[in-house]
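Structural features, examined
The lines below spell out each chain.
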Amino acid sequence: MSKKILIISSSIRNKSNSEILAREAEKGAIAAGNEVEFISLKNKDLRFCKGCLACQKTMKCVIKDDVAEIMEKVKNADTLLFATPIYYYELCGQLKTLLDRLNPLYPQEYSFRDVYLMTASYETGDEVVEKAVGGINGWIDCFEKARYAGIFNGGGLNDMGEASNKPDVLNAAFEFGKAL
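About the thresholds
Residues numbered from 1 in each chain as written. Predicted model: local features only at pLDDT ≥ 70, side-chain atom pairs only at ≥ 80, totals over all residues. Heavy atoms only, no water. Helix = DSSP H or I, 4+ residues; strand = E, 2+ residues; numbered from the N terminus. Rg over C-alpha atoms; globule rule 2.2 N^0.38 Å. Buried < 20%, exposed > 50% of the residue type's maximum accessible area, 1.4 Å probe, protein only. Contact = heavy atoms within 4.5 Å. Axes fitted to C-alpha atoms, helices over the stretch in contact; angles between N-to-C directions. Parallel < 35°, antiparallel > 145°, perpendicular 65-115°, else oblique. Left-handed = near helix turned anticlockwise from the far one by under 90°. Core = buried A, V, L, I, M, F, W, Y, C linked by side-chain atoms within 4.5 Å. Polar contact = N/O pair within 3.5 Å; in protein donor to acceptor, adjacent residues only side chain to side chain. Pairing = 2+ DSSP bridges. Phe/Tyr/Trp six-rings, centres within 6.5 Å; stacked < 30°, edge-to-face > 60°. Lys NZ or Arg CZ within 6 Å of the ring centre and 35° of its normal. Expected span 1.5 Å × (residues − 1).

Quick notes on the overall build of the chain
A tally of helices and strands in the chain yields six helices and five strands. The N-to-C order of helical and strand elements in the chain reads β-α-β-α-α-β-α-β-α-β-α. What you see for the chain is a C-alpha radius of gyration of 16 Å, in line with the 16 Å of a compact globule of 180 residues. The burial tally for the chain puts 47% of its 180 residues in the buried class. For the chain, long-range pairs separated by at least 24 residues make up 81% of all intrachain contacts whose partners lie at least 6 apart in sequence.

Structure (structure tokens):
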């Protein structure tokens, strides 16, 4: 059964390893017959949440930037894949900012059920992404119909574009995308 999958790449680095892996996952998801949309935060106007909570009543954010358009796509996707570089063992700031700004979704009906995380980091091992998984789960916990569905841990990548030269990692990301 075809799913509507939204992939959000949160790195703003050129030749980002997390985005390279996310693009491979996108290819895999398309090959599996899914409807896939890819959004990069690289050139988006993404401002910090002000914590006013007006969105809980209006279901809209008072800040006028690119988040409203992204939020609509998040709301209507069946499956979400958030791709992030790991900085200091945590989600990158751009992704955390976006997750904070998706607060207007909390009181709304939303379609997403499965939420995945894809990471790229210099270090390897589950402990490297443990806090990032906790961060994404903190967001998911606010959406009772959604669940954390899994992670692709792209460890051992540091230099810009390094993932492009690792066929085994690219293939694993492709296969991960096929299974979303």
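Now that the structure is up, let's keep going.
Quick look at the side chain of Thr84
Along the chain, Thr84 falls in strand E3 (residues 79-85). The class for Thr84 is buried, based on a relative accessible area of 0%. Ignoring anything within four residues of it in the chain, the contact list for Thr84 reads Ser10, Ser18, Leu91, Cys92, Leu95, Leu117, Met118, Thr119 and Ala120.

A word on the packing of helix H1 (residues 17-31) against helix H6 (residues 167-178)
Axis separation between H1 and H6 bottoms out at 6 Å; the angle between their running directions is 45°. Here H6 runs oblique to H1, going by the angle between their axes. In the crossing of H1 with H6, the sense of the turn from one axis to the other is right-handed. Between H1, through Ile20, Leu21, Glu24, Ala25, Lys27, Gly28, Ala29 and Ala31, and H6, the contact on the second element is made entirely by Val169, Leu170, Ala173, Phe174, Gly177 and Lys178.

Examining the nonpolar core
Grouped together as the largest cluster of nonpolar side chains are 32 residues, with contacts concentrated most on Ile8, Val74, Leu80, Phe82, Phe112, Val115 and Trp139. Membership of the second largest hydrophobic core comes to 22 residues, among which are Ile7, Leu81, Ala163 and Val169.

Quick notes on the side chain of Asn17
On the secondary structure map, Asn17 appears in helix H1. At 3.0 Å, the side chain of Asn17 and the backbone oxygen of Asp159 are in polar contact. If near-sequence neighbours (up to four positions away) are discounted, Asn17 is found in contact with Ala120, Leu157, Asn158, Asp159, Gly161, Glu162 and Ala163.

Some details on the sheet that holds E3
The five strands lie next to each other as E2-E1-E3-E4-E5, forming an open sheet whose pairing is parallel. Of all the strands in the sheet, just strand E2 (35-40) and strand E5 (147-154) have a single pairing partner and so form its edges. Sheet twist, expressed as the average angle between the axes of neighbouring strands with direction ignored, equals 15°. In this sheet, E5 lies alongside strand E4 (residues 114-120) in parallel orientation, the contact comprising seven bridges. Considered in E5, the bridge of Leu117 is made with Ile151. Sheet contacts for H6: E3, E4 and E5; angle to E5, the most-contacted strand, approximately 165°.

Some words on the packing of aromatic side chains
Evaluation of the coordinates by the stated rule reveals nine aromatic pairs. With a centroid separation of 6.5 Å and an interplanar angle of 70°, the aromatic rings of Tyr106 and Phe143 are classed as edge-to-face. Pair noted here: Tyr106 is in the loop between helix H4 (93-101) and E4 and Phe143 is in the loop between helix H5 (126-140) and E5, with a separation of 37 residues, a long-range link. Taken together, the ring pairs connect Phe82, Tyr106, Tyr110, Phe112, Trp139 and Phe143 into an aromatic cluster. We note Arg23 situated over the ring of Phe38; from NZ or CZ to the ring centre the distance is 3.5 Å. The ring of Tyr110 has Lys145 sitting right over it, with the charged end atom 5.3 Å from the ring centre.

Comments concerning H1
If you check H1, its first and last C-alpha atoms are 21 Å apart, about what 15 residues at 1.5 Å a residue would give, namely 21 Å. Among the 15 residues in H1, 11 count as buried, and that is most of the element. Of all the positions in H1, only Asn17, Ser18, Glu19, Ile20, Leu21, Ala22, Glu24, Ala25, Glu26, Gly28 and Ala29 are classed as buried. Elements that come into contact with the buried residues of H1 comprise strand E1 (4-9), E2, E3, E4, E5 and H6. Directly after H1, the chain includes Gly33, whose backbone phi takes a positive value near 95°.

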